[in-house]
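Residue-level listing of the chains:
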Amino acid sequence: MGLAGRRREVVHYVRFQSPYRNGRGDFTGVFGLINTLAREGKLTAEQEAFRRGNNSWYNAAYTDPSTVDPTVYDHEINPGAAAWFKPTATHLLERVPGYLQALTAHGVERRLLRSADPGRAIYEDDVQVVLVPHR
């Protein structure tokens, strides 16, 4: 079978983010949203325990891209850079609903995005890709 006859598998990256731009013009992701609630002292004790425990788990489970490339989230170099989960990162995606429940409890809007081509990749590992969005 030639190349024309082969089905090309399309990867749809996944991101949870605010539907609104922040002060820098970016869309804050789910972890930033929950961490903002924590800094503002708005989480219940149970929500804060969930956030701390799961943030620690995530920190141990995958690489912070900025530790590999300190410029990855530099707004001047990579405006709007945002991390997206790879769909194969199911072990990471399984914990997101707890964050979404806490956001809902506080009336924080968010949206789920899926895209095969959300931007230009500037960092990638086995579970995530950081992309600068298409303008």
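Before going into details, it helps to say that this report is about the structure given with it.

Definitions and cut-offs
For every chain, the first residue of the written sequence is number 1, and numbering continues from 1 onward in sequence order. For this predicted model, a pLDDT threshold of at least 70 governs which residues receive local features, and a threshold of 80 or more governs which side-chain atom pairs are given and counted, while totals over whole chains, interfaces and linings are taken from all residues. With hydrogens and water excluded, all non-hydrogen atoms of the structure serve as input to the side-chain values. For cavity detection a 1 Å grid was placed over the protein atoms alone, and a set of points counts as a cavity when a 1.4 Å probe fits there but cannot get out; an open set counts as a pocket when protein lies on both sides within 12 Å along at least five of seven lines, with lining residues being those that have an atom within 4 Å of a point. Grid points are joined across faces, edges and corners, and a volume is the space filled by probe spheres set on the points. Numbering of helices and strands starts at the N terminus; helices are DSSP runs of H or I of at least 4 residues and strands are runs of E of at least 2. Residue classes follow a fixed rule: Ala, Val, Leu, Ile, Met, Phe, Trp, Tyr, Cys and Pro count as nonpolar, while Asp, Glu, Lys and Arg count as charged, and any other residue, Gly among them, counts as polar. To define axes, lines are fitted to C-alpha atoms, for helices over the stretch in contact only, and angles between the resulting N-to-C directions are given on a 0 to 180 degree scale. In these notes the angle categories are as follows: under 35 degrees is roughly parallel, over 145 is roughly antiparallel, 65 to 115 is roughly perpendicular, and the rest is oblique. Helix crossings are classified by the rotation of the near helix relative to the far one: an anticlockwise turn of less than a right angle makes the crossing left-handed, while a clockwise turn makes it right-handed. Contacts are assigned to residue pairs that have any heavy atoms within 4.5 Å of one another. By definition, a salt bridge exists where a carboxyl oxygen of Asp or Glu is found within 4 Å of a side-chain nitrogen of Lys or Arg. Take the buried residues of types Ala, Val, Leu, Ile, Met, Phe, Trp, Tyr and Cys, join any two whose side-chain atoms come within 4.5 Å, and each joined set is a nonpolar core. Only protein chains enter the accessibility calculation, which uses a 1.4 Å probe. A residue is then buried if its area is under 20% of the maximum for its type, exposed if over 50%, and partly exposed in between.

On to the layout of surface pockets. Estimates place the volume of the largest pocket at around 1,100 Å³. The wall of the largest pocket is formed by 39 residues, among which Arg15, Gly29, Tyr73, Ala82 and Ala83 lie closest to the centre. In terms of residue count, strand β1 (residues 13–21) provides more of the lining of the largest pocket than any other element does, five residues in total. By residue class, the composition of the lining of the largest pocket is 18 nonpolar, 15 polar and six charged.

In this section: the packing of helix α1 (residues 30–39) against helix α5 (residues 96–105). Running from N to C, α1 and α5 point in directions that differ by 50 degrees, and their axes come no closer than 10 Å. Accordingly, the angle class assigned to the pair α1 and α5 is oblique. By crossing handedness, the relation of α1 to α5 is classed as left-handed. On the side of α1, the interface is formed by Val30, Phe31, Leu33, Ile34 and Leu37, while α5 contributes Tyr99, Leu100, Ala102 and Leu103. Among the residues making up the contact of α1 with α5, the classes are represented as nine nonpolar, no polar and no charged.

What follows concerns the pattern of salt bridges. If the charged atoms of two oppositely charged side chains come close together, the side chains can form a pair. Applying the stated criterion across every chain yields a total of five salt bridges. Glu48 is the partner of Arg51 in a salt bridge, and the nearest nitrogen-oxygen pair spans 2.8 Å. With a gap of three residues between them, Arg51 and Glu48 both fall in helix α2 (residues 45–61), about one helical turn apart. One connected set of salt bridges, linked through shared partners, spans Glu48, Arg51 and Arg52.

By size, the foremost hydrophobic cluster in this structure holds 18 residues, and its most contacted members are Phe16, Val30, Ile34, Phe85 and Leu103. If you list the elements that add at least two residues to this core, you get β1, α1 and α5. Leave out the neighbours within four places in its chain, and Phe85 touches Tyr13, Val14, Phe16, Phe31, Leu92, Leu93, Val96, Val127 and Gln128.

The next subject is the packing of α2 against α5. α5 packs onto α2 with a crossing angle of 145 degrees between their chain directions and a minimal axis gap of 10 Å. Note that α2 runs across α5; the crossing there is left-handed. Contacts between α2 and α5 involve Gln47, Phe50, Arg51, Asn54, Asn55 and Tyr58 on the former and, on the latter, Val96, Gly98, Tyr99, Ala102 and Ala105. Of the residues contributing to the contact of α2 with α5, the split by class is six nonpolar, four polar and one charged.

By themselves these figures say nothing about function.
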